[in-house]
Amino acid sequence: TRPPVEAPSPKTSSPTTKSTEVVVCKKIKTQEECAIKKEMCLWNEGTKKVKLCTIKKKDKHSHDCAQYSDEETCHKFCEWIGEECRHLCLASKEGIDCKSSKVGGTQKICRYKKVKNPLYQKCLDVEKPVTNAPIAGPAPTPTS
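Details of the overall build of the protein
Next up, step 1: A count of helices and strands for the protein gives three helices and eight strands.
Next up, step 2: Each helix and strand of the protein, ordered N terminal to C terminal, gives the series α-β-β-α-β-β-α-β-β-β-β.
Next up, step 3: Once local pairs closer than 6 in sequence are excluded, the contacts in the protein between residues at least 24 apart make up 54%.

A word on the side chain of His 87
Next up, step 1: Position of His 87 among the secondary structure elements: in strand S4 (residues 84–87).
Next up, step 2: Owing to a relative accessible area of 4%, His 87 belongs among the buried residues under this scheme.
Next up, step 3: Reaching out from His 87, the side chain makes a polar contact with the backbone oxygen of His 61 at a distance of 2.9 Å.
Next up, step 4: A polar atom in the side chain of His 87 sits 3.1 Å from the backbone nitrogen of Cys 89.
Next up, step 5: Once residues within four sequence positions are removed from consideration, His 87 is found in contact with Ile 55, His 61, Ser 62, His 63, Cys 65, Phe 77, Cys 78 and Ile 109.

Observations regarding the packing of aromatic side chains
Here the distance between the centres and the angle between the planes together describe a pair of aromatic rings.
Next up, step 1: Under the criterion given, the structure shown has zero aromatic pairs.
Next up, step 2: Here Lys 51 stacks its cationic end above the ring of Tyr 112, 4.9 Å away from the centre of that ring.

Some points on the nonpolar core
Next up, step 1: One finds Cys 53, Ile 55, Phe 77, Leu 88, Cys 89, Cys 98, Val 103, Ile 109 and Cys 110 forming the largest nonpolar core, which totals nine residues.
Next up, step 2: Taken together, the elements giving at least two residues each to this core come down to strand S2 (49–55) and helix H3 (88–91).
Next up, step 3: Of all hydrophobic cores here, the second largest spans six residues; its members include Cys 25, Ile 28, Cys 41 and Trp 43.

Digging into the side chain of Asn 44
Next up, step 1: Within the secondary structure layout, Asn 44 lies in strand S1 (residues 41–44).
Next up, step 2: A distance of 3.2 Å separates a polar atom in the side chain of Asn 44 from the backbone nitrogen of Gly 46.
Next up, step 3: Look past the residues within four positions of Asn 44 in its chain and what remains in contact with it is Asn 117, Leu 119, Tyr 120, Gln 121, Lys 122 and Leu 124.

Brief notes about the environment of Asp 70
Next up, step 1: Here Asp 70 shows up in the loop between helix H2 (58–61) and strand S3 (78–81).
Next up, step 2: Owing to a relative accessible area of 27%, Asp 70 belongs among the partly exposed residues under this scheme.
Next up, step 3: Each C-alpha atom of the pair Asp 70 and Cys 85 lies 7.4 Å from the other, and the pair is 15 residues apart in sequence.
Next up, step 4: A polar atom in the side chain of Asp 70 sits 3.2 Å from the backbone nitrogen of Glu 72.
Next up, step 5: Of the polar contacts made by the side chain of Asp 70, one reaches the backbone nitrogen of Thr 73; its length is 2.9 Å.

Side note on the environment of Val 126
Next up, step 1: Along the chain, Val 126 turns up in the segment after strand S8 (122–125).
Next up, step 2: Residue Val 126 is classed as partly exposed on the basis of its relative accessible area of 27%.
Next up, step 3: For the pair formed by Val 126 and Cys 25, sequence separation is 101 residues and the distance between their alpha carbons is 8.7 Å.
Next up, step 4: Contact partners of Val 126, with chain neighbours within four places excluded, come to Glu 39, Met 40, Cys 41 and Leu 42.

With respect to the confidence of the model for the protein
Next up, step 1: The predicted model of the protein has a mean per-residue pLDDT of 74, with 68% of residues at 70 or higher.
Next up, step 2: Every residue in residues 7–19 scores below 50 in pLDDT, and together they form zero contacts with partners more than four places removed in sequence or on other chains.
Next up, step 3: Across residues 132–140 the pLDDT falls below 50, and counting only partners more than four positions away or on other chains, this stretch makes zero contacts in the model.

Parameters and conventions
- Residues numbered from 1 in each chain as written.
- Predicted model: local features only at pLDDT ≥ 70, side-chain atom pairs only at ≥ 80, totals over all residues.
- Heavy atoms only, no water.
- Helix = DSSP H or I, 4+ residues; strand = E, 2+ residues; numbered from the N terminus.
- Contact = heavy atoms within 4.5 Å.
- Buried < 20%, exposed > 50% of the residue type's maximum accessible area, 1.4 Å probe, protein only.
- Polar contact = N/O pair within 3.5 Å; in protein donor to acceptor, adjacent residues only side chain to side chain.
- Phe/Tyr/Trp six-rings, centres within 6.5 Å; stacked < 30°, edge-to-face > 60°.
- Lys NZ or Arg CZ within 6 Å of the ring centre and 35° of its normal.
- Core = buried A, V, L, I, M, F, W, Y, C linked by side-chain atoms within 4.5 Å.
- pLDDT = per-residue confidence, 0-100.

Quick look at the structure:
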């Protein structure tokens, strides 16, 4: 004997909303798929390797700069930036050349190291959606 089957409950109608497609570009694996979503995504050709500023001698020049809470106690291998103490090699990512990061103006403690580019040949999100709006050109010049 079977238990009685209940009748399906009536569906409540909800207001119709326009569904918006959410595109997650980083999940797209091929250049062709990325090109289909060109309004939202961009295929990164870039370079296979990128330069990363690293500590020259990890055992000698490495230091936990985050432990300092004010500019006066910030260690010599560190630099006070904004409201935090950061290692010179990490601070150089903010626009200062890595090789010019020196202790006491003479001792170089940072060097560039080439590492694999994690974004090489990946589909990336475009900051703002691309529209097909015409681009404003230069203002027309009056003719005499």
